[in-house]
Amino acid sequence: MPANLPLPYFEAEKKLRAAKEPAEKIEALEEMLAIMPHHKGTDHLRAELRRKIARISEEMDKKLATQKVSIHIQKEGAAQVVIIGMPSAGKSQFLCATTNARPTVADYPFTTQHAMPGMMPFEDIQIQLIDTPPITKSTMEWWLPHAVRRADAMLIMADLSLDPVAEVKIISEQLLKHKIGLGGSGVVDEDDSIYYQNTLIAGNKIDLPDTQENLAALKAEYVDKMPVASISALTGTGIEDLKHEIFRLLDVIRVYTKAPGQKADRGDPVVLDSGSTVEDAAVAVHKSFLERLKYARVWGSGKHDGLRVKRDHVLQEGDVIEFHL
Ligand SMILES: Nc1nc2c(ncn2[C@@H]2O[C@H](COP(=O)(O)OP(=O)(O)OP(=O)(O)O)[C@@H](O)[C@H]2O)c(=O)[nH]1
Ligand SMILES: [Mg+2]
């Protein structure tokens, strides 16, 4: 199948050839990846570009290791969500409130200088959060746009006691310089090659006085395009609701496997993209399953619980699946 690549792809490729710095190379490669249409004809090329990005990132990480800077955080858990925002919005406080990670939280700006991951438990899964250094009108760490693209979603933290609408606007302008748009689910606009990342806005510090009006303004501006939550990372208000919002935003399903004649493994779901089939679940459990799979039985999604289903049967959140090999 031919790849049928759009024109901006070749422009990005030109940029790659001209790039001298590893960071520029990664930027060009990620642009190429973002522009490339998703279909079978591009699978091979996508994998190749990803390998290149991984190799360059690794080399850079090795170089930067001496400075204790890491730009590439390995995905862990069900999904990776990067937290971004202006100085002192409460990004680190939020990581502290939801994970076991202990970044420095302080009342002076630019407290956080490196990316820091933490695992946030949500029901029976874990979602990886990444705290990052702040974005301002004039500064942003060069690697931050890459971290945003690589993640499954971004959480924009805005300070409700200041001007949250202006904060989100500044962040969106900064990201747009790197061809990242707010909202959408990893979709690429082929004309301008902007990568629209899954986005959720959290208005923080709702515990402070006079924040309701700013929250209303934030919602009025953005709620049509993406979820807008209000929280206090300090007191915990709204955090449970926000976790549910994050899960919904990720657009994944949890399915539970069971061996014939036994009970389902309820505590340990397989997390898949929404719309995944029996085949996708089989591959996720073990690569060899796909070839060996004779049939599967599914409980939950149909009226006829436990009935045999075909390989292309679309699974639903909470389904129990039994593979027969
Ligand atoms: N009242 C109140 N204060 C908060 C809340 N969340 C964070 N803070 C305070 O705001 C200040 C900044 O919090 P941080 O979590 O360090 O902010 P940050 O976004 O990580 O800041 P940088 O690392 O500089 O980008 C600290 O003094 C926090 O205690 C909140 O929900 N309510
Ligand atoms: Mg911080």
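Residues numbered from 1 in each chain as written. Chains lettered and ligands numbered in written order. Predicted model: local features only at pLDDT ≥ 70, side-chain atom pairs only at ≥ 80, totals over all residues. Heavy atoms only, no water.

Chemist: Mind showing me how you'd approach the coordination of the magnesium ion (ligand 2) here?
Modeler: Think of it this way: four donors in a tetrahedron around the metal ideally sit 109.5 degrees apart, and six in an octahedron ideally sit 90 or 180 degrees apart. Protein-derived coordination of the magnesium ion (ligand 2) comes from Ser92 (OG) and Thr112 (OG1), at a distance range of 2.0 to 2.1 Å. Note that Ser92 is positioned in helix H4 (residues 91-98) and Thr112 in the loop between H4 and strand E2 (116-122), a separation of 20 residues in sequence. Both residues of the pair, Ser92 and Thr112, belong to the buried class. (Donors = N, O, S within 2.8 Å, 3.2 Å for Na, K, Ca; no water. Helix = DSSP H or I, 4+ residues; strand = E, 2+ residues; numbered from the N terminus. Buried < 20%, exposed > 50% of the residue type's maximum accessible area, 1.4 Å probe, protein only.)

Chemist: How should I be thinking about the site of ligand 1 in this particular structure?
Modeler: Taken together, 23 residues sit near ligand 1, with Lys91, Ser92, Gln93, Phe110 and Asp207 positioned nearest. For ligand 1, an oxygen atom lies 3.1 Å from a polar atom in the side chain of Asn204. Contacts to ligand 1 include Lys205, whose side-chain N or O atom sits 3.1 Å from an oxygen atom. The fraction of the free accessible surface of ligand 1 (650 Å²) that becomes covered by protein chains is 90%. In terms of residue count, H4 provides more of the shell around ligand 1 than any other element does, three residues in total. In terms of residue class, the shell around ligand 1 is built from 11 nonpolar, eight polar and four charged. (Near = heavy atom within 4 Å. Polar contact = N/O pair within 3.5 Å; in protein donor to acceptor, adjacent residues only side chain to side chain. Areas by Shrake-Rupley, 256 points an atom, 1.4 Å probe, with all protein chains shown as cover. Nonpolar A, V, L, I, M, F, W, Y, C, P; charged D, E, K, R; others polar.)

Chemist: Help me understand the pairing of strand E1 (residues 79-85) in this model?
Modeler: The two faces of a sheet get side chains in turn, since along a regular strand they alternate between them. Within E1, seven of the seven residues are buried, which leaves the element mostly enclosed by the surrounding structure. Across the two faces of E1 the burial is the same, with Ala79, Val81, Ile83 and Gly85 and Gln80, Val82 and Ile84 all buried. When E1 meets strand E3 (residues 125-131), the two strands line up parallel, connected through five bridges. Bridge assignment links Val82 to a residue of E3, and that residue is Ile130. Pairing between E1 and strand E4 (residues 153-159): five bridges, direction parallel. From the neighbouring strand, Ile83 faces E4, where its bridge partner is Leu155. (Pairing = 2+ DSSP bridges.)

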